[in-house]
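Chain residues, written in single-letter form:
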Amino acid sequence: MKSGLRTVGVLLAGGVGQRVGLGTPKQLVRIAGRSIIEHTLALFNASPEIDEIIVLMTPGFTAEVGELVAARGFGKVSHVLEGGATRSETTWRALRALGDAECNVLLHDAVRPLLEPRIITECVEALKEASAVEVAIPSSDTIVVTAQGPGGEVVREVPDRSRLRRVQTPQGFRLSVIREAYERAFADPGFALRPATDDCGVVLRYLPEVPIVVVPGSERNIKVTHPVDVHIAERLFQLAASAAPLPSQDALREALDGRSVVVFGGGHGIGAAVAELARGHGAVVRSFSRSLDGVHVEDAASVAKALAEVGRVDFVVNAAEVLHVGRLAEASEAVVAGAVDVNVLGPVNVARAAHPYLRESGGALLFYTAPGPRRGQAGHGLYRATKAAVVELTRALADEWEGEGIRVNCVNPCRPGTPVGASGQEPHALPSPRAVAVTSVGVLASGLTGQVVDVLADDE
C-alpha cells in the first residue's frame, strides 16, 4: 500500500546525443517501434505508484514531446519543461516546478527505457522509511584506481569488488531533502568546479547525515549512451516481447470477437492455423492464397482486389512465403525472383494495399520471416537476406504509421538458438504452425508495434 505522500516521476531528458553520434536528442531515437522517451514515459504512466510525471527536455524539443504526450494519452504528465545546461541545473528546474508540498520524487534518466516496473515499486516502498534511495547493481568487473606515473597511467589501488556497485536510476528522495541538498550545493562555490555525477552524490556531499538506501537494480536497465547501446536495447526489447506472457483467453476474445481478420497465405501451414485460431476467438476471417482463390501476394492488383472484397478490415496477416533451398550461386534467375517476389515484394504489396483499411480501423498488420533451411542444407544467403528485409520493413512501417494508429509487427519462427541476426546454422525443427499461430494471435491482440517476436520450437 502506498504512503500518504504523492510520488512524482521526473524524467531527465536533457541530453543531445553527442556520444550516440546524432544531431538530435538521443531520447528521440527510435527503438522497437517507438522513441526511447516514449518507452520510458509509458513505464511511468502505467505505474500505479506514480501520481504525476514531469519531463525535462532538451531546449527546442519540448513541443515535440508535448505532442507525443498528447497523442499517446500519457495523462500523468503535468509539465514538459526545458532542461538546463548541466544535469544539476536540469534537476533543479524540476525541483522548483514541484512546489512546496512534500512528496516523493523519483529522478530517472529518460534514456533508460528498459526499467523494470518492480524497481519503481521498490523505490517507493523504500521511501516510506528512508529519505534517499539509490538504485544500483553489483559490479561484475574489477575496478582500479589509477594515478599519473612517470610513464603514463598506473594502478594505485584495487578496491574490494564485493563492495562496489554500479549506479542506475531512478534515484528517489523526499522533496525537502533533495531540495535542501541542492540549495547547499549551489551556495558552495566549489560545486561548479567539482559537480556531482548524480543526485545521490549531491545528498551524500551536502547532507552526509542522511542515509541513502540501496534498491537492487537490473542488468537490463541500461543507459542508451553510445551507438552500440541502441543495438543492445533493440535486442533486449525483442527478447522481452518474445518472453512476454500471452494475453488471456478472455483478452483475446475481447480483442478479436467480431473483428475482421484477413490472412494472405491462409491455405495451409501458419496462415491456416492463424485463421482457425482467430475464428475460434470470434473473429470474422477471410483467407486468400494461391491454392484457395489464386491470389498472389507478389501481384499488387491481386492483393488490392482481395481486400476490396472484404470491406472493413481490422487485422491483416501476411503468411505467404517460399523457402529457397540450395546454393545461391547455383539458383536460377526464376528461383531467385520467385523467392524475392513472394518474401519481399509480397509484404510490400500487402502493406500498401492494407494501409487505408487499417488507418480507418486503427488496426494491425502482421508479417512473418520465411523459415530457414535445416542443418546441412544450403540456402542461408537468400533466406537471411529476405528475412532481414521483412524485419526492416516491419520497423520502418511501425515508425511511419504510428501517428495513424496502425500497429506493425513481425513473428519470427526460428529454430532454437537462432533469433534474428544470429549466425551459424539452425540445428532443430521449426515450431509447429499451431505454436506460431498462438503467438501471432497474441501479438495481434496486444498493444505492441515495431516488434520482432521470436517463436522457437521445443528444444529436443
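Parameters at a glance
- Residues numbered from 1 in each chain as written.
- Predicted model: local features only at pLDDT ≥ 70, side-chain atom pairs only at ≥ 80, totals over all residues.
- Heavy atoms only, no water.
- Helix = DSSP H or I, 4+ residues; strand = E, 2+ residues; numbered from the N terminus.
- Buried < 20%, exposed > 50% of the residue type's maximum accessible area, 1.4 Å probe, protein only.
- Contact = heavy atoms within 4.5 Å.
- Areas by Shrake-Rupley, 256 points an atom, 1.4 Å probe, with all protein chains shown as cover.
- Salt bridge = Lys/Arg side-chain N within 4 Å of Asp/Glu carboxyl O.
- Pairing = 2+ DSSP bridges.
- Axes fitted to C-alpha atoms, helices over the stretch in contact; angles between N-to-C directions.
- Core = buried A, V, L, I, M, F, W, Y, C linked by side-chain atoms within 4.5 Å.
- Polar contact = N/O pair within 3.5 Å; in protein donor to acceptor, adjacent residues only side chain to side chain.
- Parallel < 35°, antiparallel > 145°, perpendicular 65-115°, else oblique.
- Left-handed = near helix turned anticlockwise from the far one by under 90°.
- Nonpolar A, V, L, I, M, F, W, Y, C, P; charged D, E, K, R; others polar.
- Arc of directions from axis to C-beta.
- Phe/Tyr/Trp six-rings, centres within 6.5 Å; stacked < 30°, edge-to-face > 60°.

Engineer: Account for the overall build of the chain, with residues named and values stated.
Structural biologist: On a plain count of helices and strands, the chain comes out with 14 helices and 17 strands. Overall, the C-alpha framework of the chain stretches about 80 × 55 × 40 Å when taken along its three principal axes. Of all 460 residues assigned to the chain, the portion counted as buried reaches 50%. Relative to all contacts within the chain whose residues are 6 or more apart in sequence, the contacts with residues 24 or more apart total 75%. A total accessible area of about 20600 Å² is found for the chain, and carbon and sulfur atoms account for 54% of it.

Engineer: Break down the pattern of salt bridges for me, citing the residues and quoting the values.
Structural biologist: The final tally for this structure, using the stated rule, is 24 salt bridges. Where glutamate 298 meets arginine 290, a salt bridge forms, and the shortest distance between an N and an O atom there is 2.3 Å. Of the residues examined, glutamate 298 reaches a relative accessible area of 21% and is grouped as partly exposed. Linked by salt bridges that have partners in common, Arg87, Asp109, Arg112 and Asp199 make up one network.

Engineer: Explain the sheet that holds strand 13 (residues 284-288) residue by residue, including any values.
Structural biologist: If you trace the six strands from one edge of the open sheet to the other, you get 13-12-14-15-16-17, paired in parallel fashion. Of all strands in the sheet, those bounded by a partner on one side alone are strand 13 and strand 17 (452-456). The average angle at which neighbouring strand axes cross in this sheet is 20 degrees, direction not considered. Along the sheet, helix 14 (residues 433-445) contacts strand 14 (315-318), strand 15 (364-368), strand 16 (407-414) and strand 17; its crossing angle with strand 16, the most-contacted strand, is approximately 165 degrees.

Engineer: So, the nonpolar core: which residues are in play, and what are the values?
Structural biologist: Core analysis: the biggest nonpolar cluster contains 29 residues, and Phe264, Leu307, Val316, Leu365, Phe367, Leu397 and Val408 have the highest contact counts within it. For this core, the elements supplying multiple residues, two or more each, are strand 12 (260-264), helix 11 (300-310), helix 12 (333-361), strand 15, helix 13 (380-401) and strand 16. Those residues within four positions of leucine 397 in sequence are excluded, and the remaining contacts are Ala351, Leu365, Phe367, Glu402 and Val408. Leu95, Ala132, Phe173 and Leu207 belong to the second-largest nonpolar core, a separate cluster that totals 28 residues.

Engineer: Account for the environment of threonine 146, with residues named and values stated.
Structural biologist: Positionally, threonine 146 belongs in strand 8 (residues 145-149). Using a relative accessible area of 35% as the deciding quantity, one classes threonine 146 as partly exposed. Distance from threonine 146 to glutamate 157, taken between C-alpha atoms, is 6.9 Å for residues 11 residues apart in sequence. Those residues in contact with threonine 146, other than ones at most four positions away along the chain, are Glu153, Val154, Val155 and Arg156. Among the polar contacts made by the side chain of threonine 146, one reaches the side chain of glutamate 153 at a distance of 2.9 Å.

Engineer: Explain the packing of helix 11 against helix 12 to me, using residue names and the numbers behind them.
Structural biologist: At a minimum axis distance of 9 Å, the contact between helix 11 and helix 12 shows a crossing angle of 30 degrees. Taken as axis vectors, helix 11 and helix 12 run roughly parallel relative to one another. Both helix 11 and helix 12 take part in a crossing whose hand is right-handed. Residue-level inspection shows Ala300, Val303, Ala304, Leu307 and Ala308 of helix 11 in contact with helix 12, the latter providing Asn349, Val350, Ala353, Ala354 and Tyr357. Considering only residue class, the contact of helix 11 with helix 12 consists of nine nonpolar, one polar and no charged.

Engineer: Just give me the short version of the pairing of strand 8, but keep the residues and values in it.
Structural biologist: Bridging between strand 8 and strand 9 (residues 152-157) involves five bridges; their strand directions are antiparallel. Note that in strand 9 the partner of glycine 149 across the bridge is glycine 152. The hairpin turn running from strand 8 into strand 9, its antiparallel successor, is two residues long.

Engineer: Break down the sheet that holds strand 7 (residues 132-138) for me, with residues and values.
Structural biologist: What the seven strands build is an open sheet, ordered 5-4-1-6-10-7-11; its pairing is mixed. Bordering the open sheet on either side are strand 5 (77-82) and strand 11 (213-216), each of which pairs with just one other strand. Sheet twist, expressed as the mean angle between neighbouring strand axes with direction ignored, is 25 degrees. Taken strand by strand, helix 4 (residues 117-126) contacts strand 1 (7-13), strand 6 (104-109), strand 7, strand 10 (165-174) and strand 11, and its axis lies near 160 degrees from that of strand 11.

Engineer: Can you explain unusual backbone geometry? Please cite residues and give values.
Structural biologist: Cis geometry marks the peptide bond from threonine 169 to proline 170; its omega dihedral reads 10 degrees. With respect to the helices and strands, the residue proline 170 is situated in strand 10.

Engineer: Go over the environment of valine 285, please, and point to the residues and values.
Structural biologist: Relative to the elements of secondary structure, valine 285 occurs in strand 13. Along the primary structure valine 285 and valine 316 are separated by 31 residues, whereas in three dimensions their C-alpha atoms are 9.9 Å apart. Apart from the residues lying within four places of it in its own chain, the contact partners of valine 285 are Val261, Val263, Ala275, Ala278 and Arg279.

Engineer: Mind laying out helix 4, listing which residues take part and the relevant values?
Structural biologist: Within helix 4, burial applies to Ile119, Ile120, Cys123, Val124 and Ala126. For helix 4, the arc enclosing every buried residue in end-on projection is 160 degrees, short of the 170-degree limit, so these residues lie on one face. Buried residues along helix 4 sit against strand 1, helix 1 (36-46), strand 6, strand 7, strand 10 and strand 11.

Engineer: Outline the packing of aromatic side chains, listing residues and values.
Structural biologist: The final tally for this structure, using the stated rule, is five aromatic pairs. With 5.6 Å between their ring centres and 70 degrees between their planes, tryptophan 92 and phenylalanine 186 make a pair best called edge-to-face. One end of the pair, tryptophan 92, is in helix 3 (residues 87-97); the other, phenylalanine 186, is in helix 5 (residues 175-186), with 94 residues separating them in the sequence. By relative accessible area, which is 19% here, tryptophan 92 ends up buried. For phenylalanine 186, a relative accessible area of 41% puts it in the partly exposed group. When the centroid spacing of 5.7 Å and the interplanar angle of 25 degrees are considered together, the rings of phenylalanine 264 and phenylalanine 288 count as stacked. Note that phenylalanine 264 is positioned in strand 12 and phenylalanine 288 in strand 13, a separation of 24 residues in sequence.

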